[in-house]
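# Examining the three-dimensional arrangement
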Amino acid sequence: MRGNEPDCNVTIIGAGPYGLSAAAFLRAANVEARIFGEPMVFWERHMPVGMCLRSNWAASHIADPGRALTLDAYCRENGNHVPKPIPLARFVAYGHWFQRKSVQDVDSRQVRTIEIDTRGFKVILADGEQFLSRRVVVATGIGAFAARPAEFVTIPAELASHSSEHSDLREFKGRQVIVIGAGQSALESAALLKEYGIAVEVIAREKVINWVGLHPQLHHLGIISRMLYSTRDVGPAGISRLVAMPHLFRKFPRALQDRTAYRAIRPAGAGWLQPRLTGVPITLGRKVVSANVAGSQLRLRLDDGQERLVDHALLATGFRVDVSRYPFLPESLTNRLKTTNGFPVLKPGLESSIPGLHFVGKCAAWSFGPLLGFVSGAEFASTELVRAINRSIGKN
Ligand SMILES: Cc1cc2nc3c(=O)[nH]c(=O)nc-3n(C[C@H](O)[C@H](O)[C@H](O)COP(=O)(O)OP(=O)(O)OC[C@H]3O[C@@H](n4cnc5c(N)ncnc54)[C@H](O)[C@@H]3O)c2cc1C
């Protein structure tokens, strides 16, 4: 401790796009901030090699206060060309470049736990070091929230695993795989598996696959396109504009917010995946009702009585936010945190019911809308953070 003062003003937990952006904005505003976590690790280790981003170019810049560290600046400085859609490996390299340019001193250590203290928060690192921080910004993404359908809970990992448990789908070579889900992750995993020569089928509850980006000409109609679509690239025409304004979005009646959020982020695949799925069997409108180990294989029963015997089920079944699953938030803290459906309830500044504890990224989506689940929401989140912290110390 510095006298009776906390050792540090702000601690950011997480060094993905949101944590890095928050650090860049806070530092530019002369707010002292420490940042912990392995930069870009979720993208590097929990998404499949060969994947491309679904978000478009304009929505994939990691936000910095001067808008100087864009993907375009990265390409210019490194004299390289990043294709569209953006390959995962290139986005990861861009994230590391962003970190080196703006937040050189990321501390890669894990935060083991944070405890509420009268002067802020006691932050305890994995190696035992501890210090006091006036504020904590949780920027730890969705990695802890992988949703595994109840039918698969008791199935061993070698027979059923969540899509986020893999970074290289070539590990399934020689096996027959069923992909469960109809979102981008499911469809892209199926395309990659097929391209690796792995036998794959997709099964999904949805009756149809929703494709996005099938009409690129709608984005080239000048002022009309700008009225319909925000560059944040979350949601269809019209809704895209609405979710890009989180302060307005949150004023809507709750039921309308929920409906609009669902429409903005319902399971969907990028149009450019369509041709890559040719020849992949896709069974729609069916739910897996039971999964049982059958020797070294997995027997799945569908709700119409059909069965499948496969070597592995890849669960591309998304993520369900539940902050009590963050291992670094003790029960004594989550018990005091106001939540709805697992999301912390946040006020302006993305501050939770525990003063000084902020959440950015997907955890902020219940309070500020679906934009916060995407890289393109980081500019809003970081700007809000700076505003709230400056206000609290009387700078504004
Ligand atoms: C398959 C897939 C594809 C996606 N494609 C897109 C896309 O195209 N465009 C898009 O905008 N979004 C996409 N997303 C959503 C994406 O996850 C979020 O946009 C993005 O990761 C949000 O960044 P973040 O900083 O909140 O979280 P993350 O990138 O997950 O970063 C979290 C950070 O927290 C750190 N951390 C966690 N726990 C601790 C701890 N205890 N101590 C210290 N550090 C910790 C991790 O090391 C990591 O650095 C995709 C998601 C998936 C699963």
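Up top you'll find the structure we're talking about.
Everything in this summary refers to the structure shown in the same document. Bear in mind the structure is a predicted one, so any value in this text is a computation, not a measurement.

Right, let's get into the overall build of the chain. For the chain, the count of helices and strands is 12 helices and 18 strands. The C-alpha radius of gyration of the chain comes to 22 Å, within 12% of the 21 Å expected for a compact globule of 396 residues. In terms of its C-alpha atoms, the chain occupies a principal-axis envelope of roughly 70 × 50 × 45 Å. Accessible surface, the chain: about 17,700 Å² in total, of which carbon and sulfur atoms supply 53%.

Turning our eyes to something else, we now look at the nonpolar core. By size, the foremost hydrophobic cluster in this structure holds 85 residues, and its most contacted members are Ile12, Leu357, Phe359 and Leu372. When residues in this core are grouped by element, the largest group, seven residues, is from helix α1 (residues 17–28). Those residues in contact with Leu357 that lie beyond four places of it in its chain are Ile114, Phe121, Val136, Val138, Leu333, Leu337, Leu350, Glu351 and Ser352. Listed in part, the 20 residues of the second largest apolar core include Val179, Ala190, Leu193 and Val202.

The next thing to look at is the environment of Phe368. By the element assignment, Phe368 lies in helix α11 (residues 365–368). With relative accessibility at 0%, the residue Phe368 sits in the buried group. Through-space distance from the C-alpha of Phe368 to that of Lys347 is 9.0 Å; in sequence the pair is 21 residues apart.

Cut-offs and rules
- Residues numbered from 1 in each chain as written.
- Predicted model: local features only at pLDDT ≥ 70, side-chain atom pairs only at ≥ 80, totals over all residues.
- Heavy atoms only, no water.
- Helix = DSSP H or I, 4+ residues; strand = E, 2+ residues; numbered from the N terminus.
- Rg over C-alpha atoms; globule rule 2.2 N^0.38 Å.
- Areas by Shrake-Rupley, 256 points an atom, 1.4 Å probe, with all protein chains shown as cover.
- Core = buried A, V, L, I, M, F, W, Y, C linked by side-chain atoms within 4.5 Å.
- Buried < 20%, exposed > 50% of the residue type's maximum accessible area, 1.4 Å probe, protein only.
- Contact = heavy atoms within 4.5 Å.

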